[in-house]
Amino acid sequence: MLLIPLPLLSQGTYIDENALQPAQVNTYWNWGDVHTADLQLYQLDGIQERNLTSEQRAEFFMTEFSKLGLAASIQNYTFSTSKGTISGHNVYAVMSSPRAAGTEAMVISASWLSRAGHGTLNLRGTSTVLSLAAFLKDYSLWAKDIIFIISDDYLHGMHAWLNAYHGTVPSNLYTDPLEHTSGVIWTALNIDYSSHSFSHLGVFHEGLNGRLPNQDLINSFRLISHYTGGVPMAVYDHLEPSDSVDRGQSVFPPWVPLSVQQSPQLQQYGYRVRNVVRHIGYQARGMCSGVHGLMHQFRIDAITLFAVPADGPHGFHALGRIVESTLRTMNNLLERLHASFFFYILTSPGTFMKIGMFLPSAILVSVAMLFKGLGEWVTAGWVWEIYETSLKSSETEKSSPAKGTWRNRRRPLLSALIVVVTTHVLGVLVFNLVCSRWFAEYPSFLAPAIFVAVSVAPLILLPLFSANAPEAAPTSMLLKSSNLCLASTVISIMSLLNFSLAAMLAITMGVPLATSNTSSSTMISRLRYAGYCVLAWGWLVLFPGEVESAIWNWEVLGVWFAPFIFIVYAPLVMQAAIVCLQD
């Protein structure tokens, strides 16, 4: 896996869909439209200073869209979670296509809060959407409807709108029905521009549960940003080594030796490592890296354009031209994006790794675990039986080895299956407890209590599991065999659904599960068991922020990382822990 960031394993990006024709149009966005964006920004600054409520902001946005002659409306919504309710107000407007029947649509969106965090407002991104609405309605070249959305807060506003639009409202969401709708949404751009000016446009592309947009959208945007707007593209907000040096920054931490920091090859490797690690961080946890990621579950190819803060040289003029040209490119599509890759890792703005290059790294670990599990199964079926005559002769002749033969023995799986089922049922119970309102109110007390309870429970229940007869294989060998085979199957399946999660499972479970063994020393067995308990459930106590975030993502956004960890990962590790306790 350490080889994944190597430049030799990556290849240059390219356009697969011939209909796109990126950066091939003359753009009409000019300084008059920039002035319109500045006027909108001035009004939004006033809204910020007056500290208007979410409902008052929504009324303002709807009024601005209505002035342009667009069909606009407000969507009120409320999410119910274990920590209470979340309410908000989204504003959207639909610009009907003058050249088509409105069966297809594109989306331009901006959230009120920026992904920059710390309560940063996305004022310039919002004003860009408003000024684009005024600009785009004057042209009759659009073959698709254009939907403008200003969502409340950061993520949950857009999530509520998308569910209402597609008629997939979950049980914990109350929302008004949408007054205005359009056709099937094919592509979307989310604009995140919170600073005064920017030097690069960063692309965030990860969606919920590991989904990714078609790579043609990102590749087209890179060409448009470079040739139309003159703005270099960045992967996330990571600047390439040459740009980082110009800003006095480094891709390495300060403690790295200066000789390493000054090596061009190591700088390039370190830059790609940052991109790969951040990609895995988003994808493995099922998190979306921006508002765009909420759309992938509805088969909408979407990305977030993040204006990387800097003291110039770009602003509304460059951003408007780039967004216009990108919309014109998406307008050319005759069918959904399908020709390019959906499984990839962007190692740099112009290079990527396709699935065939990185998938074997997780599959090899999975296959090794499968062979180890099958080996344990075969070993459990045989026992070395020494002849009685050989025992008597060996007492007199210590140097000669005892003679014997391999004898087949039974492999009853009932005890092992009971342990497997019990651990997964325990995971379900713990997950429901953590999702309850009690845990939300007293997490600092209940998290250590749950950790202690799930760690002690196997010690108490272990004597209840029936021990196998002397002529049968030990339960520990059968449990280890089933544990390794089950974990191998999980990693193999997950590698096709979410490679990053499969890679993390291979790292955290590969060696620990393969090396779980009984010991003649009770102290060593207990220490091993404690280590496995920390690996399985220790994150409840060590990373409370991540636990809270995962539960919120599950309850509001439907990210299945939390139930997967509770019901699949932790029980598998606990089965390895119980192997250490079996005689």
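How each quantity is defined
- Residues numbered from 1 in each chain as written.
- Predicted model: local features only at pLDDT ≥ 70, side-chain atom pairs only at ≥ 80, totals over all residues.
- Heavy atoms only, no water.
- Salt bridge = Lys/Arg side-chain N within 4 Å of Asp/Glu carboxyl O.
- Helix = DSSP H or I, 4+ residues; strand = E, 2+ residues; numbered from the N terminus.
- Pairing = 2+ DSSP bridges.
- Contact = heavy atoms within 4.5 Å.
- Axes fitted to C-alpha atoms, helices over the stretch in contact; angles between N-to-C directions.
- Buried < 20%, exposed > 50% of the residue type's maximum accessible area, 1.4 Å probe, protein only.
- Expected span 1.5 Å × (residues − 1).
- Patch = residues over 30% accessible without salt bridge, like charges linked within 9 Å, V, L, I, M, F, W, Y side chains within 5 Å.
- Areas by Shrake-Rupley, 256 points an atom, 1.4 Å probe, with all protein chains shown as cover.
- Arc of directions from axis to C-beta.

1. Thoughts on the pattern of salt bridges
Part 1: If you walk through the whole model with that rule in mind, you get 11 salt bridges.
Part 2: Taking the shortest distance from any N to any O, the salt bridge between Asp237 and Arg278 comes out at 2.5 Å. A residue pair is termed long-range when its members are at least 10 positions apart, and Asp237 in the loop between strand E9 (233-235) and helix H6 (241-246) and Arg278 in helix H8 (residues 264-284) qualify at 41 residues.
Part 3: The structure contains a network of salt bridges with shared partners spanning Lys372, Glu376 and Lys480.

2. Details of the sheet that holds strand E11 (residues 344-348)
Part 1: Read across the open sheet, the three strands follow the order E1-E12-E11; overall the sheet is antiparallel. Bordering the open sheet on either side are strand E1 (11-12) and E11, each of which pairs with just one other strand.
Part 2: Pairing of E1 with strand E12 (residues 351-354) involves two bridges; the strand directions are antiparallel. Note on E12: the bridge partner recorded for Gly12 is Thr351.
Part 3: Sitting on the sheet, helix H10 (residues 355-380) touches E11 and E12, and the angle it makes with E12 is about 55°.

3. Points about unusual backbone geometry
Part 1: Residue Pro313 is reached from Gly312 by a cis peptide bond, and omega for that bond is 5°.
Part 2: The residue Pro313 is located in the loop between strand E10 (301-309) and helix H9 (316-331) in this model.
Part 3: Unusually for a residue other than glycine, Ala23 sits at a positive phi of about 60°.
Part 4: The residue Ala23 is located in the loop between E1 and helix H1 (31-50) in this model.
Part 5: With a phi angle near 55°, Asn51 is a residue other than glycine that sits in the positive phi range.
Part 6: Relative to the elements of secondary structure, Asn51 occurs in the loop between H1 and helix H2 (54-67).
Part 7: Here Asn51 falls in the exposed class, since its relative accessible area comes to 64%.

4. Some remarks on H8
Part 1: Taking 1.5 Å per residue, 21 residues should reach 30 Å; H8 reaches 30 Å between its end C-alpha atoms and fits that length.
Part 2: The set of residues buried in H8 consists of Gln267, Gly270, Tyr271, Arg272, Asn275, Val276, His279, Ile280, Tyr282, Gln283 and Ala284.
Part 3: At the C-terminal side of H8, Gly286 shows a positive phi close to 70°.

5. Some remarks on the side chain of His314
Part 1: Mapped onto the secondary structure, His314 falls in the loop between E10 and H9.
Part 2: For His314, a relative accessible area of 15% corresponds to the buried category.
Part 3: In this view, His314 contacts Tyr193, Ser197, Phe198, Ser199, Gly229, Gly230 and Val231; residues no more than four positions away in its chain are not counted.

6. Side note on a nonpolar patch on the surface
Part 1: On the surface, a cluster of nonpolar side chains totalling about 540 Å² of accessible area is made up of Val378, Trp382, Trp384, Ile386 and Trp406.
Part 2: As for its position among the elements, Trp382 is in strand E13 (residues 382-386).
Part 3: By relative accessible area, which is 41% here, Trp382 ends up partly exposed.

7. Structural notes on H2
Part 1: In a regular helix each residue adds 1.5 Å, so 14 residues correspond to 20 Å; H2 covers 20 Å between its end C-alpha atoms and thus fits that length.
Part 2: Listing the buried residues of H2 in full gives Arg57, Ala58, Phe60, Phe61, Glu64 and Phe65. Take H2 and look down its axis: the buried residues cluster within an arc of 160°, on one side only.
Part 3: Residues of H2 that are buried make contact with H1, strand E2 (71-81), strand E3 (84-95), helix H3 (123-136) and strand E5 (145-151).
Part 4: Phi for Gly69, located one or two positions after H2, is positive at around 85°.

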